[in-house]
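Now for the letters of each chain:
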Amino acid sequence: MAEIRLERVSTIFGKVRAVDDVELTINHQEFVVLLGPSGCGKTTLLRSVAGLESIHSGRILLGGREVTDLPPRKRDIAMVFQSYAVFPHLTVFENIAFGLRMKRIQSAEVKRRVESAAELLHIGEFLQRHPAQLSGGQRQRVAVARAIAMESGVILMDEPLSNLDALLRVEMRAELKRLLREIKATTIYVTHDQVEALSMGDRIAVMRAGKVVQVGNPLEVYSAPADRFVGSFIGDPPMNFLTAELERDGGRLTAVVAGGGRIPLDEPSAELAERVGEGLVAGIRAENIEVARQAADAPGNGVVARCLVVEPLGSHNLLTLALGDTRLKAITRPDYDVAPDEDVALHIDARRIRWLDSESGLAIGPPPQAGSPVPPA
Ligand code: ATP
């Protein structure tokens, strides 16, 4: 079993709590992505698991065995760094074999593992070349092959694709995901790229200022962010935030949002129903706003916005809308025809709103309905 368990781990540099009281379990053969802005502690957490940083407090367990005070070489972990860290004077074969030679593995076994890892990464034909004779993408494959050849069951990756150009990154992303599933390694993968995180991880641990603020599968962190920070960090465009206040009208609750628009709440959660008259924020994903011509009066329910900008992006149009002083992003079909400065009616399904407390930014109530009601292009 290669489960990784972090119990209240803190790693401190002087006055900086780079990792602050983190509790996190990565299940056997699971792929967990650490995601967060620059400086939030992702690399430090990864290096703490590897034993390259000593932790200030807490415990780290690998496969149920405490490794908190063990040196890196005794933890049986393979690591891929952002800089490929391939040795220019060694052939591809010897680069991949490097860690195995350090462990004094027999040469027949080294050959078997190197050839098998090279085949998985499609670099079998380059084994006798030197790194200078490879492209950036091929060099990155060598670094990954070196980790895989360790056959350690736990692989830690720190932004392994960040040196590649955009096209190659997208290609390698899918390939790496398939590969890690195939070799069944337990993986922690660090990135600050939320698209990479959503597309690759079984689960995503979102970090901010040394803390893990949410752990969930891609759909959970996208549709039901734990707080405003996660909603704005994940997703392109980020989640829309509308100030709102609830009104009770007879037995019905209505949210009055920025600009004075009204959204009826048919099935409010108990937690939300308690918040009448308090400052709230409605978190709404761009694809959960249906835009209709006001004149056609189609599904409008009382929220009118002005269209400021239309960006045709091929598969869809991205609209920037003004609702009072608030700017919103909405997605429409690519053939949806709306002119800048035109007023449009917005239909916002209350069941798809993530409600947040306006002061703390923390989510209120159960997750909203996931998925998008707006048909794809
Ligand atoms: P990035 O995405 O930019 O690599 P990160 O999320 O990986 O950022 P870390 O590199 O873990 O963040 O850094 C977390 C904090 O710890 C930062 O404030 C950083 O300046 C600090 N830090 C990291 N390593 C050290 C060190 N060796 N000594 C002192 N401070 C450090």
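Residues numbered from 1 in each chain as written. Predicted model: local features only at pLDDT ≥ 70, side-chain atom pairs only at ≥ 80, totals over all residues. Heavy atoms only, no water.

Caption draft 1: Layout of the overall build of the protein. Along the protein, the regular secondary structure elements total nine helices and 20 strands. Projected onto its principal axes, the C-alpha coordinates of the protein cover approximately 80 × 45 × 35 Å. Scored against the burial criterion, the 377 residues of the protein give a buried share of 50%. Long-range pairs, those at least 24 residues apart, make up 64% of the contacts in the protein with a sequence separation of at least 6. Accessible area of the protein: about 17,400 Å², with a carbon and sulfur share of 50%. Counting 44 positive and 49 negative side-chain charges, the protein places the averaged centre of each group 8 Å from the other. (Helix = DSSP H or I, 4+ residues; strand = E, 2+ residues; numbered from the N terminus. Buried < 20%, exposed > 50% of the residue type's maximum accessible area, 1.4 Å probe, protein only. Contact = heavy atoms within 4.5 Å. Areas by Shrake-Rupley, 256 points an atom, 1.4 Å probe, with all protein chains shown as cover. Lys, Arg positive; Asp, Glu negative; His and termini not counted. Charge placed at Lys NZ, Arg CZ, Asp CG, Glu CD.)

Caption draft 2: Spatial organisation of the packing of aromatic side chains. This structure, assessed with the given rule, holds three aromatic pairs. With a centroid separation of 5.6 Å and an interplanar angle of 50 degrees, the aromatic rings of Phe-31 and Tyr-189 are classed as tilted. Of this pair, Phe-31 sits in strand β3 (residues 31-35) while Tyr-189 sits in strand β8 (residues 186-191), and the two are 158 residues apart along the sequence. Note on Tyr-189: relative accessible area 0%, which makes it buried. With a centroid separation of 4.7 Å and 50 degrees between ring planes, the pair formed by Phe-87 and Phe-98 is classed as tilted. (Phe/Tyr/Trp six-rings, centres within 6.5 Å; stacked < 30°, edge-to-face > 60°.)

Caption draft 3: Here's a closer look at the layout of surface pockets. A volume near 690 Å³ is recorded for the largest pocket. Taken together, 22 residues make up the lining of the largest pocket; nearest its centre are Ile-77, Ala-78, Met-79, Gly-99 and Met-150. Breaking the lining of the largest pocket down by element, the ones donating at least two residues are β6 (78-80), α2 (92-102) and α4 (136-149). Partitioning the lining of the largest pocket into residue classes produces 16 nonpolar, two polar and four charged. (1 Å grid on protein atoms, 1.4 Å probe; cavity = no way out; pocket = protein on both sides within 12 Å on 5 of 7 lines; lining within 4 Å. Points joined across faces, edges and corners; volume = space filled by probe spheres on them. Nonpolar A, V, L, I, M, F, W, Y, C, P; charged D, E, K, R; others polar.)

Caption draft 4: Spotlight on the environment of Phe-126. Inspection of the secondary structure puts Phe-126 in the loop between α3 (107-120) and α4. For Phe-126, the contacting residues outside a window of four places in its chain are Val-92, Leu-134 and Gln-138.

Caption draft 5: Local environment of the sheet that holds strand β13 (residues 262-265). Spatial ordering of the open sheet is given by β13-β12-β11-β14-β20, a layout of five strands whose pairing is antiparallel. Edge positions in the open sheet fall to β13 and β20 (354-357), since each of these has one partner strand only. Taking each pair of neighbouring strands and ignoring which way they run, the sheet shows an average axis angle of 40 degrees. As judged from the four bridges shared by strand β12 (residues 252-257) and β13, these two strands associate in the antiparallel manner. Bridging across to β13, Thr-254 finds its partner in Pro-264. (Pairing = 2+ DSSP bridges. Axes fitted to C-alpha atoms, helices over the stretch in contact; angles between N-to-C directions.)

Caption draft 6: Quick peek at the pairing of strand β17 (residues 317-323). β17 sits mainly inside the fold: seven of its seven residues count as buried. In β17, alternate side chains face the same way, and those of Asn-317, Leu-319, Leu-321 and Leu-323 on one face and Leu-318, Thr-320 and Ala-322 on the other are all buried. In this structure, strand β16 (residues 303-312) lies alongside β17, joined through six bridges in antiparallel fashion. Across the sheet, residue Pro-312 finds its bridge partner in β17, namely Asn-317.

Caption draft 7: Representation of the pattern of salt bridges in the model. Taken as a whole and assessed by the stated rule, the structure comprises 29 salt bridges. Note that Glu-151 is salt-bridged to Arg-112, the shortest N-O span being 3.4 Å. With a gap of 39 residues between them, Glu-151 in the loop between α4 and β7 (154-158) and Arg-112 in helix α3 connect regions that are remote in the sequence. Owing to a relative accessible area of 45%, Glu-151 belongs among the partly exposed residues under this scheme. With a shortest N-O distance of 3.4 Å, Asp-193 and Arg-169 are connected by a salt bridge. Residue Asp-193 is located in the loop between β8 and α6 (194-200), and its partner Arg-169 is located in helix α5 (residues 166-183); the two are separated by 24 residues in the primary sequence. Taken together, the shared-partner salt bridges in this structure form one network comprising Glu-3, Arg-5, Glu-7, Arg-59 and Glu-66. (Salt bridge = Lys/Arg side-chain N within 4 Å of Asp/Glu carboxyl O.)

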